[in-house]
Amino acid sequence: MVQFIQQLVNGLSIGSVFALVALGYTMVYGIIKLINFAHGDIYMLGAFIGYFSFKYIAGGYGGFILALVLAMGGCALIGMLIEKVAYKPLRNASRITALITAMGVSYFLEYVMVYFFGAERRTLTAPFENTVFHIGEITFTLSTMIIVVTTIILMLLLTYIVNCTKMGKAMRAVSTDPDAARLMGINVDHTISFTFALGSALAGAAGVLIGLHYNIVEPLMGMIPGLKAFIAAVFGGIGIIPGAMFGGLSIGVIQTFASGYISSLWQDAIVYGLLIIILVVKPAGLLGKNKKEKV
Amino acid sequence: MALLTVKNLTKNFGGLCANSNISMEVASNELVGLIGPNGAGKTTLFNMLTGVYEPSGGTILLNNGDHEVSIGGMKPYKVTAMGIARTFQNIRLFKGLSVLENVKIAMHKDVHYHLAQAIFRTPKFYQEEARMEKQARELLSIMKLDQKSGELADNLPYGEQRRLEIARALATNPKLLFLDEPAAGMNPQETAELTELIRFIKERFQISIVLIEHDMSLVMNLCERIYVLDYGKMIAKGTPSEIAVNQKVIDSYLGEEV
Amino acid sequence: MKQSFSRKNITALLILVVSVILLSVMFGLIPPKWQKTFITACYYIIGALGLNLIIGVSGQFSLGHAGFIAIGAYSVGIIFQSNATIYGFALGTALGIVITCAVALIIAIPTFRLRGDYLAIATLGFSEIIRIVIQNLDITGGASGLSYLSFEGINDQGMFIMMVITIMLAILLIVNYVKSSHGRATVSVREDEIAAEAMGINTTKYKTVAFLIGASLAAVAGAYFGPMNFFIKPGDFGFTKSIDVLVIVVLGGMGSLSGTVVGGIFIAVMNTFLQDYSEIRMILYALILVLVMILRPRGLFGNKEITDIWKKKTKGAE
């Protein structure tokens, strides 16, 4: 039982990082029907910004907040730039064309980083001492708690933006019907740009948080978590914001349990297997509704 | 015995009832019209009859020579193999392929060589390809598209695309043909030509045709019998002259004058 | 009509034999570094022809090619541990094709209900599962892989000739398939699945047929991979391997076999020039993907073939 709760705590902590990344996938997919393959690499860039900020600017709690702000701002800018340069010319292209482009962008970000910073792993200077707490026999680390709390704050903020602001309303309108939204006077390009900024900022924050968790950054670190975050988005129902939160936490917990109770060698295979089962059984995700192409 | 017998056919989408308790019959070599306001469930009915949707209830029976086969819920390609063909409301041609290829694809279900014979190019392959080529060209010349056989389907003018869709449907060798708004977007002259063409096809191939259409002149002057749908229910059936004076139809659809 | 076809076949055969001889003579004359390049090009082309059949012809976007290449490579690798002759190679390749077809069928049944990008992700997931399975088996040597896969009695030139013949047979297979009623049925799935189904085409069947042939070609490419590198490990067959092959198909043109051949040679030559700068190579791959998609989404050749130019000329003369 103790082990069970301990695994659950670990799973929720890693799952909240997946959830933050999954939110970006889901928002972008919701609005332009693109699997933004490069999204995992935005998260990697966020982790690098955090790494440099801790190393060269400041540590401590203030340093952590600063790193978070810098990573979110930096990633938002990069996300918008990528959208303008690579995806905007393909607005009317087939989904496959857009997906291949997104893969190209992903490769580009990864290997530009390898080119400038090398492929090796870098150890992150922790901004503060990672104190360990005990509640009964269950262990928490300070970073776990910071990860979960930061995630909750960011998700509340996102929920507010999407549901209560004008821009959020525009996002929902464009994702329902871009042409109708345009006719209603919504600036579709700005809205899409804003969505990329928002999603990328969350991925940037996730990057800083994962840095706290593993203490390691490297240019290819975004590939597998990116894929898992995508799986999380599909799991909860792609295009649905609560679905991504739910999916991220679920994938985190499932992965931790798979690794703890089955085998860490098979944990990834189990997550991929789960993806396939979801796609086949309920392609719209657990919280989604099935839609059929109109004939 | 009727060619097609539909009994109490129902389709629900979630809580929405798109078709409820529809019953209809189509006789051999008959021309039937299906009319009704937008959203009445006409295309949904077509989609059930051609296997695209699975009915929520009711039966669809197709007369297969000596006995009746239930085709409700059968996959579309199997329904086509049973002798039902269709066109689409929003033209769905194989746009990147030539006119001739469009027709040949529809003949695939009757091809008499298998994959290995195709890969090793046996004499049977050449023989069958020659037969298909000949039949496809014949069909195109009947539909007055023989001059365009090498063109990409996408490059045809709108009226010819509609004709090609009919040619392609005929290539599946159907007993029953469903036409979903064949005259949509056509000018009066094109519509008049189409009316003649449909009548000609019915006689030439000895098949039954069911058509959805909003153009009343076409329906009234072409169809032998008409069914009227409204809010997913069959509200009337009869000959064109009966439908023209049916009060329910006038109220829901036709307006004051026909 | 039949006669002209068989005459055409004999001419084609003659051209093939002559070009194999010419190519192998030329191969003997170039420096070893470039010999390696052309062997790599052949390997890429075989794999990419298979992927092009899946993506370009049947229109199903698969990202699972690495998994099938791995199955081919490991089948030959395992047989080579006891028998590294041409017979062992043939046996290993056949085994690889059989296993690949079985696995591809298992993948196809559930995933072909999916479309477009969802299918891409599902096949990617399957491919990763194949890799993880290989990594956790004993017979495949686990994470450390299999080594010393040198070919007994076949030198580089011999392997090159085998690969060129394989490519020619693969092209013949694909062309004969595509230009048959079954092939047209497969293309119709790419054009409009709903219309194809309404025209009596069992779309699932033809998607699966194209997928099995394409996956088998990936296995054949994989069979050559071991003897080419003397060493295989699960890490060689990650997601990146699928992208390598995808770059060739995208660059050459989805649906164009000649495009795939040119694309394969181009990428192999580029790799040789950038051997010592692997990051730059990857950055270039990335730029190729993005720029081709933005500027010429159907690839350099579109779905045209080199022979189309010649065909147009003869048509004009008629």
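In this text the structure is predicted, and so the values were computed from the model without any measurement.

Engineer: Could you give an account of the overall build of chain B, with specific residues and numbers?
Structural biologist: Within chain B, the regular secondary structure consists of 10 helices and 10 strands. Computed over the C-alpha atoms, the radius of gyration of chain B is 19 Å, within 12% of the 18 Å expected from 2.2 N^0.38 for a compact globule of 258 residues. Here the C-alpha coordinates of chain B stretch approximately 65 × 40 × 35 Å along the principal axes. The proportion of buried residues among the 258 residues of chain B is 57%. Within chain B, contacts between residues at least 6 apart in sequence are counted, and of these 66% link residues at least 24 apart. Of the roughly 11,000 Å² of accessible surface on chain B, 50% is carried by carbon and sulfur atoms. Distance between charge centroids for chain B: 7 Å, based on 28 positive and 30 negative side chains.

Engineer: Could you give an account of unusual backbone geometry, with specific residues and numbers?
Structural biologist: Peptide bonds are mostly trans, and most non-glycine residues show a negative phi. With a phi close to 50 degrees, Arg121(B) is a non-glycine residue in the positive phi region. Locating Arg121(B) in the fold gives a position in the loop between helix 4 (115-119) and helix 5 (123-142). With a relative accessible area of 18%, Arg121(B) lands in the buried category. Despite not being glycine, Phe230(C) shows a phi value in the positive range, around 65 degrees. Within the fold, Phe230(C) resides in the loop between helix 9 (203-229) and strand 2 (231-232).

Engineer: Quick one: what's the story with the nonpolar core, residue by residue and with numbers?
Structural biologist: The biggest cluster of nonpolar side chains holds 257 residues, and the ones touching the most others in it are Phe37(A), Leu164(B), Leu211(B) and Phe61(C). Per-element accounting of this core gives the leading share, 15 residues, to helix 9 of chain C. Among the domains, domain 1 (2-83 + 174-255) and domain 2 (94-165) of chain B are the pair contributing at least three residues each to this core. When sequence neighbours within four positions are dropped, the list of residues in contact with Phe37(A) reads Tyr25(A), Leu99(A), Ala102(A), Met103(A), Ser106(A), Leu227(A), Ile121(C), Leu124(C) and Phe239(C).

Engineer: Which residues make up the interface of chain B and chain C, and what values do they have?
Structural biologist: Each partner contributes to the interface: chain B provides 33 residues, whereas chain C provides 29 residues. Buried area between chain B and chain C, summed over both chains or domains, comes out near 2,700 Å², and the portion from carbon and sulfur atoms is 66%. Taken as a group, Tyr77(B), His108(B) and Tyr126(B) account for 23% of the area that chain B buries against chain C, more than any other trio of residues on that side. One can count 2 salt bridges joining chain B with chain C. Taken together, the connections running from chain B to chain C amount to 13 residue pairs in polar contact (both at pLDDT 80 or more). Elements with a minimum of two residues in the side of chain B that touches chain C: helix 2 (76-81), helix 3 (99-106), helix 4, helix 5 and helix 6 (158-171) of chain B. With 5 residues, the top contributor of residues to the side of chain B that touches chain C is helix 5 of chain B. Split by residue class, the side of chain B that touches chain C holds 18 nonpolar, 5 polar and 10 charged.

Engineer: Go over the domain arrangement of chain B with me, naming the residues and quoting the values.
Structural biologist: Residue and element names in this part refer to chain B. What the domain assignment lists for chain B is domain 1 (2-83 + 174-255) and domain 2 (94-165). Taking only C-alpha atoms, the centre of domain 1 and the centre of domain 2 are 27 Å apart. With 14 residues of domain 1 in contact, the opposing surface of domain 2 contributes 8 residues. Interface of domain 1 and domain 2: buried area, both sides summed, is about 800 Å²; carbon and sulfur atoms make up 71% of it. Broken down residue by residue, the surface that domain 1 buries against domain 2 is led by Met 186, Leu 197 and Phe 205, which jointly contribute 39%. Across the domain 1-domain 2 interface, the total number found is 0 salt bridges. In this structure, the connection of domain 1 to domain 2 is made through 1 residue pair in polar contact (both at pLDDT 80 or more). Of all the secondary structure elements, the ones that give two or more residues to the side of domain 1 that touches domain 2 are helix 2 and helix 7 (188-205).

Engineer: Account for the sheet that holds strand 7 (residues 176-180) of chain B, with residues named and values stated.
Structural biologist: Residues and elements named next belong to chain B. Strand order in the open sheet made by the 6 strands is 6-7-8-3-9-10, with mixed pairing throughout. Among the strands making up the open sheet, the edge pair consists of strand 6 (84-86) and strand 10 (233-238). Shown here is a sheet whose adjacent strand axes are inclined to one another by a mean of 20 degrees, direction ignored. The sheet contact formed by strand 9 (residues 225-230) and strand 10 spans 5 bridges and is antiparallel.

Engineer: Provide a residue-level description of the interface of chain C and chain A, including the pertinent values.
Structural biologist: Counting residues at the interface gives 39 residues for chain C, matched by 41 residues for chain A. Along the contact surface separating chain C from chain A lie 0 salt bridges. Between the two partners, chain C and chain A, sit 0 residue pairs in polar contact (both at pLDDT 80 or more). Of all the secondary-structure elements, those providing two or more residues to the side of chain C that touches chain A are helix 5 (116-136), helix 10 (239-252) and helix 12 (278-295) of chain C. With 14 residues, the single largest contributor to the side of chain C that touches chain A is helix 5 of chain C. Tallied by class, residues from the side of chain C that touches chain A come to 30 nonpolar, 4 polar and 5 charged.

Engineer: Mind laying out the sheet that holds strand 1 (residues 4-13) of chain B, listing which residues take part and the relevant values?
Structural biologist: Residues and elements named next belong to chain B. Reading across the sheet, the 4 strands line up as 2-1-4-5 and stay open at both edges, with antiparallel pairing between neighbours. Unpaired on one side and paired on the other, strand 2 (16-26) and strand 5 (67-70) mark the two borders of the sheet. Put simply, the sheet's adjacent strands are angled 25 degrees from each other on average, direction ignored. As defined by bridge partners, strand 1 adjoins strand 4 (residues 57-64) across 5 bridges and the pair is classed as antiparallel. Residue Lys 7 lies in a different strand from strand 4, and its bridge partner there is Thr 59. Packing of helix 1 (residues 42-49) onto the sheet brings it into contact with strand 1, strand 2 and strand 4, and relative to strand 1 it is tilted by some 115 degrees.

Engineer: Residue-level account of helix 11 (residues 257-273) of chain C, with values.
Structural biologist: The end-to-end C-alpha distance of helix 11 of chain C, which contains 17 residues, comes to 25 Å, matching closely the 24 Å that a straight helix rising 1.5 Å per residue would cover. For helix 11 of chain C, the full list of buried residues reads Leu257(C), Ser258(C), Gly259(C), Thr260(C), Gly263(C), Gly264(C), Ile267(C), Ala268(C), Met270(C), Asn271(C) and Thr272(C).

Engineer: An account of a nonpolar patch on the surface is requested, with residue identities and associated values reported.
Structural biologist: Residue and element names in this part refer to chain A. Nonpolar side chains collect at one region of the surface, where Met 1, Phe 4, Ile 5, Leu 8, Leu 12, Leu 249, Tyr 261 and Ile 262 lie side by side and expose about 740 Å² of accessible area between them. Taken together, the elements giving at least two residues each to the nonpolar patch come down to helix 1 (2-32) and helix 10 (241-262). By residue number, the principal contributor to the nonpolar patch is helix 1, which donates 4 residues. Checked against the element boundaries, Ile 262 lands in helix 10.

Engineer: Quick rundown of empty space enclosed by the protein? Include the residues and the values.
Structural biologist: Across all of its chains, the model carries 1 cavity of 30 Å³ or more by this definition. What the largest cavity holds in volume is close to 40 Å³. Lining the largest cavity are Thr50(B), Val52(B), Pro76(B), Thr80(B), Ile84(B), Arg86(B) and Ala198(C). Broken down by secondary-structure element, the contributors of at least two residues to the lining of the largest cavity are helix 2 and strand 6 of chain B. When its residues are assigned to classes, the lining of the largest cavity shows 4 nonpolar, 2 polar and 1 charged.

Engineer: Describe in detail the pattern of salt bridges, supporting the description with residues and values.
Structural biologist: Throughout the structure, instances matching the rule amount to 23 salt bridges over all chains. When the shortest N-O distance is used, the salt bridge between Arg137(B) and Glu133(B) registers 2.9 Å. Highlighted residues: Arg137(B) and Glu133(B), both in helix 5, separated by 4 residues, approximately one helical turn. On the basis of relative accessibility, which here comes to 37%, the residue Arg137(B) falls in the partly exposed class. The exposure class of Glu133(B) is partly exposed, given its relative accessible area of 25%. Residues Glu160(B) and Lys148(B) are paired through a salt bridge, measuring 3.2 Å at the closest nitrogen-oxygen approach. With Glu160(B) in helix 6 and Lys148(B) in the loop between helix 5 and helix 6, the pair connects residues that are 12 residues apart, well separated along the chain. Glu160(B) sits in the buried class, given a relative accessible area of 16%. For Lys148(B), a relative accessible area of 23% translates into the label partly exposed. One network of salt bridges, in which partners are shared, links Glu83(A), Lys84(A), Lys88(A), Arg91(A) and Asp189(A).

The rules behind each value
Residues numbered from 1 in each chain as written. Chains lettered and ligands numbered in written order. Predicted model: local features only at pLDDT ≥ 70, side-chain atom pairs only at ≥ 80, totals over all residues. Heavy atoms only, no water. Helix = DSSP H or I, 4+ residues; strand = E, 2+ residues; numbered from the N terminus. Rg over C-alpha atoms; globule rule 2.2 N^0.38 Å. Buried < 20%, exposed > 50% of the residue type's maximum accessible area, 1.4 Å probe, protein only. Contact = heavy atoms within 4.5 Å. Areas by Shrake-Rupley, 256 points an atom, 1.4 Å probe, with all protein chains shown as cover. Lys, Arg positive; Asp, Glu negative; His and termini not counted. Charge placed at Lys NZ, Arg CZ, Asp CG, Glu CD. Core = buried A, V, L, I, M, F, W, Y, C linked by side-chain atoms within 4.5 Å. Domains from an automatic or database assignment. Buried area = accessible area lost by both parts, 1.4 Å probe. Salt bridge = Lys/Arg side-chain N within 4 Å of Asp/Glu carboxyl O. Polar contact = N/O pair within 3.5 Å; in protein donor to acceptor, adjacent residues only side chain to side chain. Nonpolar A, V, L, I, M, F, W, Y, C, P; charged D, E, K, R; others polar. Pairing = 2+ DSSP bridges. Axes fitted to C-alpha atoms, helices over the stretch in contact; angles between N-to-C directions. Expected span 1.5 Å × (residues − 1). Patch = residues over 30% accessible without salt bridge, like charges linked within 9 Å, V, L, I, M, F, W, Y side chains within 5 Å. 1 Å grid on protein atoms, 1.4 Å probe; cavity = no way out; pocket = protein on both sides within 12 Å on 5 of 7 lines; lining within 4 Å. Points joined across faces, edges and corners; volume = space filled by probe spheres on them.

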